[in-house]
Amino acid sequence: MLRALSSIVVLQALGAAFALATVILLTSALGADGYGRYIWIISAAGIGSLVLQRGQPTTLIKKHAPLDLAKVKAPSEMANTYLFYLLGALVTLTIAFATSLITSNELAWIAPAAFALTALNISDAILRAAERGVRAQFARDFLRPIALFGGFILLWVAEVKEPIFYLLIFVVCTAFASIYYLCPLTLQAARNWRGAGLVKTNGAHFQVSLSRSVGNHLPIFVSGFFLTPDTLAYLAIAIRLAGPLNFGVKAARAVFGARINRHVKANKPSAIRHDYRIAILFSLFISVLAAVGVAILLLVLGYFGLGPVADLADQDLLLWVFVTIAFAQLCRAAAGPGQLTAVLLHAERFVRNYNILMLLCLSAGLIVAGLIGDVRLSAIVVLFYSAGTSIGLVCKIRSALHGLRNSSGPDQRGQQLD
């Protein structure tokens, strides 16, 4: 397990380096206005992807983990589901590209980006269900950022200024990362797909997934209706720069998700508590290290007049917003893989209702901040949202574990730990 965690963190660190380089490249190539337009489309696609998935990744993991991927043969509902979204990305990509030849409007690229992100998430869920978290992280957090950076740098060298072409690279690279480890399974599904159907959606899982993840996209999506693209760029860049602070949570979810699910099925509350505590400590430790590293890097780049700090007019504003968003990410890390753990503990209803409540507060706060026109206030709203969500999740998990322990009695591992 320690080796898997270390591998995932290394992959995420390398991927984050390319992701940071990509932000620097995009701000230089597109400028604040172009980057704001580009990132708003990506945020809208993220919300669209959540609607397309309908909670299927969570359903897939909960139903099939632990999974022996080598024994999965077509026709398979998992393979069919992935193939469906991959083909959807290719079809909508063709339509968007044809539309771009007529008009320069970027809205047509929401659909292909949403399908590509969905294919990546289904691929990630299949690999995590098979306890291949390192491979899942390699495709998502290393291979994809490198491919994106390579494609973007070609456009930058060619002095391409239109966000449409950068969106094209985004869709292609995301689809490529999703299929990297699933080529054999995808080919089987393409030849033999009849009789299996798709992964059935679970209403509770969809509601939980939507309420859990839509908060990652709302700050940019909602603010984009009120702030100008060049002002929105400050919030978007700060969120992207703070992305590495989510390393620990992603790694803990990839490694501990299947383990915790196994303990839940075996009715071992002490083992669940033990692994969840380790996941929290790990995610928080990595997030603090990432926060210090990114802050130092930003200061160095600013001192030499490089990076996104140099490309924006108000450098102090960017740093202020970044620090606020960084604290928001640390609040998330303090809960570890709390969303997934609560769902595995059959607290879907609480997660759904509590997330909806927090999302309503987040949306209202972002609308007020947008009407005022202050991006600093938008960042503060995100901070309070993250802190409130983490506190609620941790309290619910503690309550669920206490109830499970009282109903089942102490298992042998619990006796040893306690």
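In what follows, the structure referred to is the one given above.
Parameters and conventions
Residues numbered from 1 in each chain as written. Predicted model: local features only at pLDDT ≥ 70, side-chain atom pairs only at ≥ 80, totals over all residues. Heavy atoms only, no water. Salt bridge = Lys/Arg side-chain N within 4 Å of Asp/Glu carboxyl O. Helix = DSSP H or I, 4+ residues; strand = E, 2+ residues; numbered from the N terminus. Axes fitted to C-alpha atoms, helices over the stretch in contact; angles between N-to-C directions. Parallel < 35°, antiparallel > 145°, perpendicular 65-115°, else oblique. Contact = heavy atoms within 4.5 Å. Nonpolar A, V, L, I, M, F, W, Y, C, P; charged D, E, K, R; others polar. Buried < 20%, exposed > 50% of the residue type's maximum accessible area, 1.4 Å probe, protein only. Phe/Tyr/Trp six-rings, centres within 6.5 Å; stacked < 30°, edge-to-face > 60°. Core = buried A, V, L, I, M, F, W, Y, C linked by side-chain atoms within 4.5 Å. Expected span 1.5 Å × (residues − 1).

Even after reading the chapter, I still don't get the pattern of salt bridges, so can you show me in this structure?
Pairing between side chains of opposite charge can happen when the charged atoms of each approach one another. Counted under the stated rule, the structure contains 3 salt bridges. A salt bridge links Glu 106 to Arg 37; its shortest N-O distance comes to 2.4 Å. Of this pair, Glu 106 sits in the loop between α3 (77–100) and α4 (110–129) while Arg 37 sits in helix α1 (residues 2–53), and the two are 69 residues apart along the sequence. Shared partners join several salt bridges into a network, and the residues in it are Asp 33, Arg 37 and Glu 106.

How should the packing of helix α11 (residues 247–265) against helix α12 (residues 269–303) be read in this particular structure?
When two helices pack together, their arrangement is given by the angle between the helix axes and by the axis-to-axis distance. With their axes 9 Å apart at the nearest point, α11 and α12 run at an angle of 175 degrees to one another. Between α11 and α12, the crossing angle belongs to the class labelled roughly antiparallel. Each of Phe 247, Gly 248, Val 249, Ala 251, Ala 252, Phe 256, Arg 259, Ile 260, His 263 and Val 264 in α11 lies in contact with α12, whose residues at this interface are Ala 271, Ile 272, Asp 275, Ile 278, Ala 279, Phe 282, Ser 283, Ile 286 and Ser 287. Across the contact of α11 with α12, the residue classes tally to 13 nonpolar, 4 polar and 2 charged.

What is the right way to look at the environment of Lys 62 in this model?
With respect to the helices and strands, Lys 62 occurs in helix α2 (residues 56–64). Classification of Lys 62 as buried rests on a relative accessible area of 19%. Along the sequence, Lys 62 and Lys 265 sit 203 residues apart, while their C-alpha atoms lie 9.9 Å from each other.

It is not clear to me how the packing of aromatic side chains should be interpreted in this structure. Could you clarify?
Two numbers describe a pair of aromatic rings. These are the distance of the centres and the angle of the planes. Using the criterion set out here, one finds 14 aromatic pairs in the structure. Ring geometry for Tyr 35 versus Tyr 38: centroids 6.3 Å apart, planes at 35 degrees, classification tilted. With a gap of 3 residues between them, Tyr 35 and Tyr 38 both fall in helix α1, about one helical turn apart. Here the two residues Tyr 35 and Tyr 38 agree in accessibility, since each one is buried.

Even after reading the chapter, I still don't get the nonpolar core, so can you show me in this structure?
Buried together is how nonpolar side chains tend to be arranged in soluble globular proteins. Of all hydrophobic cores here, the largest spans 92 residues; its most connected members are Tyr 35, Tyr 38, Tyr 166 and Ile 325. With 16 residues, α1 is the largest single contributor of residues to this core. Non-local contacts of Tyr 166, meaning those with residues more than four positions away in its chain, are made with Leu 26, Ala 29, Leu 30, Tyr 38, Phe 152, Leu 155, Trp 156 and Val 160. In this structure, Ile 260, Ala 279, Phe 282 and Ala 335 belong to the second largest nonpolar core, which totals 24 residues.

Is there a simple way to explain helix α16 (residues 348–372) in this structure?
One turn of the α-helix equals 3.6 residues, which is why residues spaced by three or four share an orientation. With 25 residues, α16 extends 36 Å from end C-alpha to end C-alpha; this agrees with the ideal 36 Å at 1.5 Å per step. Buried within α16 we find Glu 348, Val 351, Tyr 354, Asn 355, Met 358, Leu 359, Leu 362, Ser 363, Gly 365, Leu 366, Ala 369 and Gly 370. After α16 finishes, the residue Gly 373 shows a positive phi value of roughly 85 degrees.

So what exactly am I meant to see when it comes to the environment of Thr 58 here?
By the element assignment, Thr 58 lies in helix α2. Overall, Thr 58 belongs to the buried group, its relative accessible area being 8%. For the pair Thr 58 and Ala 129, spaced 71 residues apart in sequence, the C-alpha separation works out to 9.6 Å.

Please clarify how helix α6 (residues 163–179) should be interpreted in this entry.
The end-to-end C-alpha distance of α6 is 25 Å, a good match for the 24 Å that 17 residues give at a rise of 1.5 Å each. Of all the 17 residues making up α6, 12 are buried; the element is thus mostly covered by neighbouring parts of the structure. Regarding α6, the residues found buried are Pro 163, Ile 164, Tyr 166, Leu 167, Ile 169, Phe 170, Val 171, Cys 173, Thr 174, Ala 175, Ala 177 and Ser 178.

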